[in-house]
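A structural walkthrough
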Amino acid sequence: MNLASIPSPSTGVIELGPIPLRGYAFCIIIGVFVAVWIGNKRWVARGGKAGTVADIAVWAVPFGLVGGRLYHVITDYQLYFSEGQNWVDAFKIWEGGLGIWGAIALGAVGAWIGCRRRGIPLPAWADALAPGIAVAQAIGRWGNWFNQELYGRPTDLPWALEISEGPNRVAGTYHPTFLYESLWCIGVALLVIWADRRFKLGHGRAFALYVAAYCAGRAWIEYMRVDEAHHVLGLRLNVWTAIIVFALAVAYIVISARLRPGREEIVEQEKDDAAAGKADEKDEKKSDAPDAPEADATDGDPSAKDTPEAGADDSDRLKKKDSAPEAADKS
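Read on for an overview of the structure. Position labels on residues start from 1 in each chain and follow its written sequence. In view of the model being predicted, local features appear only for residues whose pLDDT reaches at least 70, and side-chain atom pairs are presented and counted only at 80 or more, with totals across whole chains, interfaces and linings using the full set of residues. Calculation of side-chain values draws on the structure's entire complement of heavy atoms; hydrogens and water are dropped beforehand.

**Regarding the overall build of the protein chain**
Stated precisely, the cut-off is as follows: Helix and strand definitions follow DSSP, with helices as H or I runs of at least four residues and strands as E runs of at least two, each counted in order from the N terminus. Per-residue accessibility, obtained with a 1.4 Å probe over protein chains only, is compared with the maximum for each type, and a residue is labelled buried under 20%, exposed over 50%, and partly exposed between these values. Residues are treated as being in contact if the distance between any of their heavy atoms lies within 4.5 Å. Here the open area of atoms and residues is found with the Shrake-Rupley method and a 1.4 Å probe, where only the protein chains shown may cover a residue.
For the protein chain, the count of helices and strands is eleven helices and six strands. Put simply, the protein chain has 331 residues, and 37% of those count as buried. Put simply, of all contacts in the protein chain between residues at least 6 apart along the chain, 71% involve residues at least 24 apart. Carbon and sulfur atoms form 64% of the exposed surface of the protein chain, whose accessible area is close to 20100 Å².

**Examining the pattern of salt bridges**
Note the cut-off: Whenever a carboxyl oxygen of Asp or Glu lies within 4 Å of a side-chain nitrogen of Lys or Arg, that contact is scored as a salt bridge.
Across all of its chains, the model carries nine salt bridges by this definition. Close ionic contact of Arg263 with Asp196 constitutes a salt bridge, the shortest N to O distance being 2.7 Å. One end of the pair, Arg263, is in the loop between helix 9 (237-259) and helix 10 (271-288); the other, Asp196, is in helix 7 (residues 177-199), with 67 residues separating them in the sequence. Residue Arg225 pairs with Glu222 through a salt bridge whose shortest N-O separation is 3.1 Å. No difference in accessibility class separates Arg225 from Glu222, as the two residues are buried. The network of salt bridges with common partners includes Arg218, Glu222, Arg225 and Arg236.

**Concerning the side chain of Glu264**
So the rule is basically this: Counted as a polar contact is a pair of N or O atoms within 3.5 Å, where, for protein atoms, one must be capable of donating a hydrogen and the other of accepting one, and residues adjacent in sequence contribute only when both atoms are in side chains.
Topologically, Glu264 is positioned in the loop between helix 9 and helix 10. Separated by 2.9 Å, the side chains of Glu264 and Arg46 make a polar contact. A distance of 3.0 Å separates a polar atom in the side chain of Glu264 from the backbone nitrogen of His203. Every residue in contact with Glu264, bar those within four places of it in the chain, is listed here: Arg46, Pro123, Ala124, Gly202 and His203.

Written out as structure tokens, the structure reads:
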């Protein structure tokens, strides 16, 4: 008999009049806002402009949601495309089912598009957002609590999770793997923040540290789960994914540190200020140039210039002209 346990909600939906507020979707939305808020503060601290993180998140978040859903549907296709299942359920994202691997992969594509449009380096943006993503995952995992899913093996520990009878589940108390992962993600966020301050991580290494640390925890947490999943060589597919991605993240940290040590000095150019500076420099050069001589009416006609010699010749011609009639009368 359990002396204590974590109860599960009787429903994952709160009806606000005609609008159903689903706990899973609510946790995802809150997580996104928190991630952007943390990322914005870190980006500004790195010398970037406020609002840039949110502008790029407009691209990254939709791509990430699509990628997360695609990964879940592909790896658990039997839930939607096997006999007796309705394939339309594959689009019901509010019922749960987002694969973090697909979300990060396709979300990175969206972020790359947004970064190119803003003219900023993707690795620097990812470094700023890394702890926020971990916190967002910690919040998002509570959506699984609302849906009574992703729990572990049966247990009678004081923090066991109560699961009620329902489709594809048996009533009982189980390891709250959603809680384990939530707490682990908080620890990952704190680790990345500490390491970034201590070692001045740059060029995507803070993000790679987040990936490696998350995978290390996901591997053992995934091993505890009892929900249906595909297995490869006796291990769940997500365990293998965590091992492979962990190795790639560590390799990136090592290789990147050798090829591009240090941190980016400038993460975002001030386009408006740069353009204004060039205009001011141009004006200064123009004002320093010597003043051009004033244009004269005789410019371009060398014969019309007032020189002493030219004046003397003109007077001689006038005298000869005036004396011509007198010569004619004398004759």
